[in-house]
There are 2 protein chains.
Amino acid sequence: MAKKIVIIAPNRDVDAWVEALKQQDEKLQVEVYPQDTQREKTEFILTWNPPREVFQNYPNLKVVASMGAGVKHIFNNSTIAENVVVTKVEDKQLEKDLGIFVLTSCLNHLRDISFYYTKQQESEWKPIKYVRPEETCVGILGFGTIGQAVGETLYKSDFKVIGYANSNKNHKNIKTFVGKDAFTEFLQQCDILVCLLPLTKETQGILSASLFKQLKKGAYLINVGRGAHLKENDLLEAINNQQLSGAALDVFQEEPLPQEHIFWSHPKITITPHIASVTHPKRVSKQIVENYDRMQSEEKILYQIDKQKGY
Amino acid sequence: MAKKIVIIAPNRDVDAWVEALKQQDEKLQVEVYPQDTQREKTEFILTWNPPREVFQNYPNLKVVASMGAGVKHIFNNSTIAENVVVTKVEDKQLEKDLGIFVLTSCLNHLRDISFYYTKQQESEWKPIKYVRPEETCVGILGFGTIGQAVGETLYKSDFKVIGYANSNKNHKNIKTFVGKDAFTEFLQQCDILVCLLPLTKETQGILSASLFKQLKKGAYLINVGRGAHLKENDLLEAINNQQLSGAALDVFQEEPLPQEHIFWSHPKITITPHIASVTHPKRVSKQIVENYDRMQSEEKILYQIDKQKGY
C-alpha cells in the first residue's frame, strides 16, 4: 500500500506542511481534505480543528496526529475509536520560544514596561520603583515537559520558580506541588501565575474567581495555555478589586479576539495575538513521518495522548 | 579630628544617604552642602552634580566620591587637585539590575512588544514573525565590569554576545574586540548594540551617523550609558533611512526629557525615564565608609578613577 498522510485542517494554509512532509520522505503521498481520495485506505491523519465526526469517513484509521502540542480540538469534535492512537507534536524549539515569551512577559511586568509605554504617549517622565526577579515567585500551572522547559528559562534569569502538576517531577531546581491537596499552598506563593495547562474537562475555566482569590494580593496572570482556561469576567472583576494587578494574555476563547472585546482597551491587560510560540512544519515533520513509519512497522508510537486524561 | 563626610548633591533628596551612612558608623558626622561647617576640616566629599569649582572651598580635601558609577559630573564642573582621589561606586546589584533591564529591552525588540502595544490600541489582531535570541548578536559597547555582567545575563538567555573594550578581558563565553582597529569588525556583527560606555571626551557623541552605518542594516540601539553618548539627530536620520530599526533609550542629554522633545512621539523609539538601574544608598554606604576609613589609615582607596582616562 502506498504511504499516505491526509491533512485535515480547514481554514488553515497547509502548503508548508505538505512541502515539509514530502521533503522528509519523497515516497510519501500527502493529500489534503476534502480533496483526498480512497478514504478506506487512509491510516494516518494529521489535523488541526477537524470538522465534526470527520474521522467516521476513514474506516481503517490508525493514527490521528495533532499539528501542535494541544489535542483538545480533536476530542472536541469527534469520537475516536479505541484502537486509534492520538498523538501530539513535541518540539524543543517551541518550548524554548514559549520560555522566552513567558520570560519577556514576566520581565515586562517587573519593569512596568506597559506603564512606561502609556507614559510615553503622554510625554510624561515618571520613574517608579522596580521589582527584581530574585524577589519574585513565578508559579507554573501545568508543570509537564513544556512547563519544565519554561520554568528552567525563568530560573536561569534568577526568578524563584515553583511548579504544579498531577505527578511529581523531581526537578532539580524547581519545587513541584503535586495534586489537589497541594493546590492552595502552591497558589499562595505566586507573585506571577503562568498557565501552561493542557485543555481538558478538568482544566476548562480553571482561571476563575476562586483560584484568583488564593493568589497573593496583587498577583499577575500570564495565560499562554488556552483561551478556554480563563473565565473572562472573573479576570475583569479580580483586576477591578485589585486582587490581581493585571494580566498578559496570548490566547483567547475566540481568536482573533473580536474587535469590540473589552480586553483590547483595558489598561491592566496586555494582549498579544497568539504569538508565544509557533510550530514550524519544517521542524516537526520529521517526527510525524517517523510516527508513520512506526505505525507501519507496529512499533510504539511517539508522543501518544492518554485518552482518559486528554493530554 | 571628627569623622565627617560632606554630601554635595544639589537638587537631590539626600535624606536616605545621610541615614544610610550614619547607620554604617554611628560616630560619623554627615553634613549636607551648603549647610556644612568648618570646610577647612573636610577631607571626604560624597557628590552628584557638584556646583562649579565647589571643591576650591575645601583646602584639605582628600577624596571625592561619586554617588554612582559615573564620574563625568565631577570632572565637568571642577578642577580636581592632583593629590585628591576620585572614586566611583561599584554595586553588584546595580549590575544585575542593569542586566535585567537590557535583557528586557532585547527581548521586547525580538518579540515586537511595542508593535503589539500599538496594535492593541487599535484593537487589531496582527501576528508577525518573531526572531530568537540564538539568532541575534548583541554587541556590548563598553565591556568593563558592568558590561561583562550585562553580557553574561544575555548569554544565559541564549543571545550571541560580543564585547568591545580598550583592553582584552579574556571572558570565557564572550569574545572581546579590543581597541580602535577592531571597532568596525565589532560593529558589523551587531544586530543589537548596547551602549554601556563611561562618558569621557572620547566617547561623547560616539553614537553617531558614522557608527550607525557600520552596523548591520536594520540594527537596534539600546542606550543605557549616558545621554551625551548619542547624537540625537543622527539617530532620527538613521531610523528614517532604515539603517536602524529603532532604539530603546533610558538616558538623555537633558533629564527629565523635555515634554516637547520629538523622541516622545517617535513610533520606533521606546523611552524609559532613567530606570535601568538605581543605586540604593543602603547597599553602597558600606563601601563609602570603608573608603573613609582607608583614607584615614592611608590604605589603598577602592574603586579609584584613573583621572587621565576619566573612568
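For chain A, the name recorded in an unreviewed UniProt entry is Glyoxylate/hydroxypyruvate reductase A, with Haloflavibacter putidus as its organism.

Colleague: Can you tell me about the packing of aromatic side chains, naming the residues and giving the values?
Modeller: Centre-to-centre distance and the angle between the planes together describe a pair of aromatic rings. All names here are of chain A. Applying the stated criterion across every chain yields a total of 15 aromatic pairs over all chains. Aromatic side chains F44 and Y292 sit 5.5 Å apart centroid to centroid with 50° between the ring planes, which places their arrangement in the tilted category. With a gap of 248 residues between them, F44 in strand 3 (residues 44-47) and Y292 in helix 9 (residues 281-296) connect regions that are remote in the sequence. Here F44 and Y292 have matching classes, each one buried. Note on F115 and Y116: the rings are 5.3 Å apart at their centroids and 70° apart in plane angle, and the pair reads as edge-to-face. Given the relative accessible area of 25%, F115 is considered partly exposed. Put simply, the rings of Y164, F177, F183 and F186 touch in pairs and so form one group of aromatic residues. Its guanidinium or amino end placed over the ring of Y130, R111 lies 3.8 Å from that ring's centre, counting from NZ or CZ.

Colleague: Tell me what's going on with the relation of the copies chain A and chain B, and back it up with residues and numbers.
Modeller: In the superposition of chain A on chain B (RMSD 0.1 Å, axial shift 0.0 Å), the rotation amounts to 180°. Each copy turns onto its partner about a two-fold axis. Same-surface contact between copies: 100% of interface residues of chain A are shared with the interface of chain B.

Colleague: Describe the UniProt feature "domain: D-isomer specific 2-hydroxyacid dehydrogenase NAD-binding" (unreviewed entry) in chain A, and please don't skip the residues or the numbers.
Modeller: UniProt tags residues 104-276 of chain A as "domain: D-isomer specific 2-hydroxyacid dehydrogenase NAD-binding" (unreviewed entry). Summarising residues 104-276 of chain A: 27% helix, 19% strand, and an end-to-end C-alpha distance of 10 Å.

Colleague: Which residues make up the domain arrangement of chain A, and what values do they have?
Modeller: All names here are of chain A. Taken domain by domain, chain A holds domain 1 (4-91 + 279-297) and domain 2 (93-271). At the interface, eight residues of domain 1 touch nine residues of domain 2. In total, about 730 Å² of surface goes out of reach between domain 1 and domain 2, with carbon and sulfur atoms giving 55% of it. It is K72, D91 and R283 in domain 1 that bury the most area against domain 2; as a group they hold 60% of the surface buried on that side. Here domain 1 is connected to domain 2 by zero salt bridges. Each residue belonging to the side of domain 1 that touches domain 2 can be placed in one class, and the counts come to two nonpolar, two polar and four charged.

How each quantity is defined
Residues numbered from 1 in each chain as written. Chains lettered and ligands numbered in written order. Predicted model: local features only at pLDDT ≥ 70, side-chain atom pairs only at ≥ 80, totals over all residues. Heavy atoms only, no water. Phe/Tyr/Trp six-rings, centres within 6.5 Å; stacked < 30°, edge-to-face > 60°. Helix = DSSP H or I, 4+ residues; strand = E, 2+ residues; numbered from the N terminus. Buried < 20%, exposed > 50% of the residue type's maximum accessible area, 1.4 Å probe, protein only. Lys NZ or Arg CZ within 6 Å of the ring centre and 35° of its normal. Least-squares fit on C-alpha atoms with pLDDT ≥ 70 in both. Contact = heavy atoms within 4.5 Å. UniProt positions renumbered as here; feature names shortened; annotations may be inferred. Domains from an automatic or database assignment. Buried area = accessible area lost by both parts, 1.4 Å probe. Salt bridge = Lys/Arg side-chain N within 4 Å of Asp/Glu carboxyl O. Nonpolar A, V, L, I, M, F, W, Y, C, P; charged D, E, K, R; others polar.

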